[in-house]
Amino acid sequence: MEQNKDINQLDIPLAKRIHLDNSNSILLKKLLIFSPVLILLFSIFGLRLIRSTEIVSLRNFNFQAQINHGHRILGHLPYAEIPKEKLVLVEPNIEVHRDMLDSLLRMREEAKKDGIYLVFLSGYRSINLQNEIFYTLKSVRNQEAAERARVSAPPGYSEHSTGFAIDIGDATQRGTDFEVEFENTDAFKWLTKNAAKFHFKLSFNKDNKYIDYEPWHWRYEGSIEALKVFESSNRKL
Ligand SMILES: [Zn+2]
């Protein structure tokens, strides 16, 4: 009994409860009367919100698509030309980015220990030289730009202008220089097995949808600068 009394004392007085109940029911009635209007308003607002969200995401998607496709030309990504002071001579006519010199020479030495003789065919190429290669060879071979681009980068779009790319041949099979047949040489087999140890990677493998397979063309990814240069290329789109 003592407990019940306490509860009653704490409880809200009856009159107040009736008053609250009344105001609640009036509110409920008002809500019922205006509910179709409210539902309509919420629907309109909701639909507008969904539409504007869709438009924003569509805009973002289009923007992203433009970035991803906009910066390629005939399948090639743009590359800036390396400043001259970062170039070092490997041997006559072969210059590369100073970051990769040690790795490149160590790789050739290690290969030699295994009886494999790597020969460096082409390193850094200036945008001017790439210009000549792309436009002169294209006309000599009577190829259109798109065909030519499958085997040679347009000027300003070659990995060779970064100084981080090197074309490699087999000193014992020079007939395979710059040819797909290079993949059958011992040099290529050795590179496939060992190049990653020296931070070299094949740039254009058989799965590349834009550019023909180039088993002779390797790029260096063993420094932060090199990784930055090839970040777009390595990103899976
Ligand atoms: Zn190359």
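Note that the structure is a prediction, hence the values are computed from the model and not measured.

Broken down by element type, the chain carries 8 helices and 6 strands. The helix and strand sequence of the chain, counted from the amino end, reads α-α-β-β-α-β-α-α-β-α-β-β-α-α. Each of the 237 residues in the chain was classed as buried or not, and the buried ones make up 24%. Taking as baseline every contact in the chain between residues at least 6 positions apart, the subset at least 24 positions apart corresponds to 65%.

Let's shift gears to the pairing of strand β2 (residues 94-97). Where strand β1 (residues 87-91) and β2 come together, 4 bridges link them in antiparallel fashion. Along β2, the bridge assignment pairs E91 with I94. The turn linking β1 back onto β2 is made up of 2 residues, and N93 within it adopts a positive phi angle of 75°.

Let's shift gears to the nonpolar core. Ranked by internal contacts, the top residues of the largest apolar core, which has 30 residues, are I168 and W218. Of all the elements in the fold, those that place two or more residues in this core are α3 (101-113), β4 (165-170), α6 (186-194), β5 (200-202), β6 (217-220) and α7 (224-229). Not counting residues within four places of it along the chain, the set of residues in contact with W218 comprises I166, I168, L191, A195, F200, K201, L202 and S203.

Below, the discussion takes up unusual backbone geometry. Unusually for a residue other than glycine, N93 sits at a positive phi of about 75°. Following the sequence through the fold, N93 ends up in the loop between β1 and β2. Of note, H199 is a non-glycine position whose phi angle comes to about 70°, a positive value. A residue is classified by how many C-beta atoms lie within 10 Å of it, and H199, with 20 of them, is buried.

On the basis of which strands lie adjacent, the open sheet formed by 4 strands has the order β3-β4-β6-β5 and antiparallel pairing. Each edge of the open sheet carries a strand with a single partner, namely β3 (118-122) and β5. Going across the sheet, the axis of each strand differs from the next one's by a mean of 45°, ignoring polarity. Summarising the sheet, β4 and β6 pair through 3 bridges and their orientation is antiparallel.

Structurally, the position occupied by L101 is in helix α3. The residues contacting L101, other than those within four sequence positions of it, are V88, V90 and V96.

What follows covers the environment of Q173. Relative to the assigned elements, Q173 resides in the loop between β4 and α6. Each C-alpha atom, one on Q173 and one on D186, is 9.3 Å from the other, the two residues being 13 residues apart in sequence.

Its 13 residues give α3 an end-to-end C-alpha distance of 19 Å, which sits within 8% of 18 Å, the value for a rise of 1.5 Å per residue. Along α3, the residues classified as buried are L104, M107 and A111. Considered in projection along α3, the buried side chains sweep an arc of 60° and stay on one side of the axis. Exposed residues on α3 whose side chains face more than 90 degrees from its buried face are D102, R106, E109, K112 and K113. In this structure, the buried side of α3 is in contact with β1, β2, β3, β4, α6 and β5. At the exit of α3 stands G115, carrying a positive phi of roughly 80°.

Examined against the element boundaries, R106 turns out to sit in helix α3. Note on R106: 12 C-beta atoms within 10 Å, which makes it exposed. In the structure, R106 is positioned 92 residues away from F198 in sequence and 7.8 Å away in space, judged by C-alpha atoms.

What follows covers α6. Each full turn of the α-helix corresponds to 3.6 residues, which orients residues three or four apart in the same direction. Residues of α6 that are buried include every one of A187, F188 and L191, and no others. Seen end-on, α6 carries its buried residues on one side only, within an arc spanning 95°. Of the exposed residues in α6, those oriented more than 90 degrees away from the buried face are T192 and K193. In this structure, the buried side of α6 is in contact with β3, β4 and β6.

So, how was this worked out
Residue numbers here run from 1 along each chain, matching the order of that chain's written sequence. Totals for whole chains, interfaces and linings use all residues, but because this is a predicted model, local features are given only for residues with pLDDT of at least 70 and pairs of side-chain atoms are given and counted only at 80 or more. Labels follow the DSSP assignment, with helices taken as runs of H or I lasting at least four residues and strands as runs of E lasting at least two, numbered in each case from the N terminus. Partly exposed residues are those whose C-beta has more than 12 but fewer than 20 other C-beta atoms within 10 Å; 20 or more makes a residue buried and 12 or fewer makes it exposed, with C-beta atoms placed from the backbone. Contact criterion: two residues are in contact if their C-beta atoms, reconstructed from the backbone, are within 7 Å. A pair of strands is labelled paired if DSSP reports no fewer than 2 bridges between them. To count as a nonpolar core, a set of buried Ala, Val, Leu, Ile, Met, Phe, Trp, Tyr and Cys residues must be joined through C-beta atoms within 7 Å. Structural elements are reduced to axes, namely lines fitted to C-alpha atoms, with helices fitted over the stretch in contact, and the angle between N-to-C directions of any two is expressed from 0 to 180 degrees. Every helix has an expected span of 1.5 Å times one less than the residues it contains. In this context, the arc is that of the directions from the helix axis out to the C-beta atoms.

Fair warning: the whole summary comes from geometry, so function is off the table for now.
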